[in-house]
Amino acid sequence: MYALSGLRIAIAGAGVFGLSIAALCARRGAKVVLFDPRPPGRNASGVAAGMLAPALEAVLEQHSRNDYELLRRGYSAWPAFAAEVGIAAPTELEAGAIYLGPEAEVAHVAAGLAALGAAAERLSPAEARRLQPGLAAGDHHALYICEDGRLDPQVVLRDLQHVLLDLGGEVSAQPLTAFTATAFEAVILAAGYDSRSWAAEAPELACLQPIKGHVLHYAGGVVSGPVVRSPTGYAAPQNSGTVFGATMEAGRSDLGLDPMLVSGLEQAAADLFPVLARIPFMALTGVRATTPDGRPLVGRTASGLYAATGARRNGWLVAPLVAEAMVQALQGAAPEPAFDPARFAAALTNA
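Presented here is a report on the structure given in the accompanying data block. Here the residue numbering is sequential within each chain, running from 1 through the sequence in written order. Since the coordinates come from a predicted model, pLDDT governs what is reported: local features require at least 70, and pairs of side-chain atoms require 80 or more to be given and counted, while whole-chain, interface and lining totals use all residues. With hydrogens and water stripped out, all remaining heavy atoms of the structure feed into the side-chain values.

Here we come to the pairing of strand S6 (residues 141-145). Classification of residues uses two cut-offs on accessible area relative to the type maximum, computed with a 1.4 Å probe and protein chains only: under 20% is buried, over 50% is exposed, and between them is partly exposed. Only DSSP runs of H or I covering at least 4 residues are called helices, and only runs of E covering at least 2 are called strands; the numbering of each starts at the N terminus. Counting buried positions along S6 yields four of five residues, so the element is predominantly enclosed. Note on pairing: DSSP must find at least two bridges between two strands before they are called paired. Where strand S4 (residues 97-101) and S6 come together, five bridges link them in antiparallel fashion. When the bridges of S6 are listed, Leu100 appears paired with Ala142. Across three bridges, strand S5 (residues 121-123) lies against S6 in antiparallel orientation.

Moving on, we get to the sheet that holds strand S2 (residues 31-35). If you trace the six strands from one edge of the open sheet to the other, you get S8-S2-S1-S9-S17-S16, paired in mixed fashion. The open sheet has two free edges, formed respectively by strand S8 (170-172) and strand S16 (297-300), since each of these has just one partner strand. When strand polarity is set aside, the average angle formed by the axes of neighbouring strands in this sheet is 20 degrees. Pairing geometry for strand S1 (residues 8-12) and S2, over five bridges, is parallel. Lines fitted to C-alpha atoms define the axes, with helix axes restricted to the stretch in contact, and inter-axis angles between N-to-C directions lie between 0 and 180 degrees.

A few words now on the nonpolar core. Residues Ile9, Ile188 and Leu330 are the most contacted members of the largest nonpolar core, which totals 55 residues. Taken together, the elements giving at least two residues each to this core come down to S1, helix H1 (16-27), S2, helix H4 (68-85), helix H7 (153-166), strand S9 (186-189), strand S17 (306-309) and helix H10 (315-330). Looking at this core, the element that brings in the most residues is H10, giving 12 residues. The criterion used for residue contact is that any of the two residues' heavy atoms lie within 4.5 Å. Leave out the neighbours within four places in its chain, and Ile9 touches Cys25, Ala30, Lys31, Val32, Val33, Phe184, Ala186, Ile188 and Leu330. In plain words, nonpolar cores are sets of buried Ala, Val, Leu, Ile, Met, Phe, Trp, Tyr and Cys residues tied together by side-chain atoms within 4.5 Å.

Turning our attention to empty space enclosed by the protein. Any residue with an atom within 4 Å of a point lines the site, the site being either a cavity, points on a 1 Å grid over the protein atoms alone where a 1.4 Å probe fits but cannot get out, or a pocket, an open set with protein on both sides within 12 Å along at least 5 of 7 lines. Grid points are joined across faces, edges and corners, and a volume is the space filled by probe spheres set on the points. Considering all chains together, one arrives at one cavity of 30 Å³ or more under this definition. When its volume is computed, the largest cavity comes out at roughly 60 Å³. Along the walls of the largest cavity sit Ser64, Asp67, Leu70, Leu71, Gly294, Arg295, Pro296, Ala311, Asn314, Val318 and Phe339, which together make up its complete lining. Classes in brief: Ala, Val, Leu, Ile, Met, Phe, Trp, Tyr, Cys and Pro nonpolar; Asp, Glu, Lys and Arg charged; the others, Gly included, polar. Among the residues forming the lining of the largest cavity, the class breakdown is six nonpolar, three polar and two charged.

Attention shifts here to helix H5 (residues 103-116). By definition here, a helix of n residues has an expected span of 1.5 Å times n minus one. Look at H5: 20 Å from first C-alpha to last across 14 residues, which is about the 20 Å you get at 1.5 Å a residue. If you check which residues of H5 are buried, you get Val106, Val109, Ala110 and Leu113. Projected down its long axis, H5 carries its buried residues within an arc of 100 degrees, all on one side. Along H5, exposed side chains directed more than 90 degrees from the buried face belong to Ala104, His108 and Ala115. The inward-facing, buried residues of H5 abut helix H3 (54-60), S4, S5 and S6. One or two residues past the end of H5 sits Gly117, with phi positive at roughly 85 degrees. Working note: the arc is built from the helix axis to C-beta atom directions.

What follows is about the layout of surface pockets. With a probe scaled to a water molecule rolled over the atoms, the places where space remains empty come into view. Considering only enclosed or pocket space, the largest pocket measures out at about 920 Å³ in volume. Forming the walls of the largest pocket are 46 residues, and the residues nearest its centre are Asn43, Ala44, Ser45, Val287 and Arg288. Contributions of two or more residues to the lining of the largest pocket are made by H1, helix H2 (44-47), strand S10 (209-218), strand S15 (281-290), S17 and H10. Ranked by the residues each element gives to the lining of the largest pocket, the list is headed by S15, at six residues. Split by residue class, the lining of the largest pocket holds 24 nonpolar, 15 polar and seven charged. There is about 290 Å³ of room inside the second largest pocket. Contributions of two or more residues to the lining of the second largest pocket are made by H2, H7, S10, strand S13 (241-245) and S15.

If you want it as structure tokens, here you go:
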């Protein structure tokens, strides 16, 4: 008998949290309906580059500086998670990452990685270009971080949806409403920043804030090897082409393109990989949800609804942990403290 056998679950949002939870719950016996009015993959998860970077995120991103062990657990959980739900393990998990920058910046990042206990190797310009041949010529100061990797978001989202459907789950192009939700025994809000529209029913969601990002998807370019990161942006190889990004526009939830921001990313991409100057691209935007500490809200809210949203930049990285935490919550377990939806409740009450 599966742990969730027969439980009727509605999930709002077909990003990596919604689909990961849906596939795992269906695998463990639940009857799942996933609601999302957006076209498949046209969400923040689908627009993203798919970097899985516990080491560099913990050093470069202020909100993640105390979360290295949590992020590392998320990275390490991907193979077992993929095996359980029944998708192919992402083959690029061990692709590594190169960090390029001015000498002082690279030294600072190297010191931060050493403080975490994360392995990093200094690279000469020639060594950096051997690992990623398309890099612009120059006297690069560089590091290689072997424990960071990547996956292909569009492939994984597609595979997770196929698993859900194969297990008898359903996908609806209609939005989940309060009326629709009454037909289910459990309702999971995993729609990124859009989950905040349920704050009247689940006040814990009122802490969510939006972060808009512009990303360039190239129709070619660098398609293999490590991710390259620098102070001006990152280039993530994918089979379909390079993904270059990204802006971080706090407080913005619109999806409009800003030509000046696109132009800036285009120039930064060409500076890093000259071949990209000759390759067409599509500029896309997505809106991430963040909490005050950058960790997601995962678990049962006071009203009985369930939340799975707010991971800032690390949704792909922690998705296996979030999916398992949600299964445990559905079985009545207490939330992991780092994910507890109630951890900002006092601040919201006093605001």
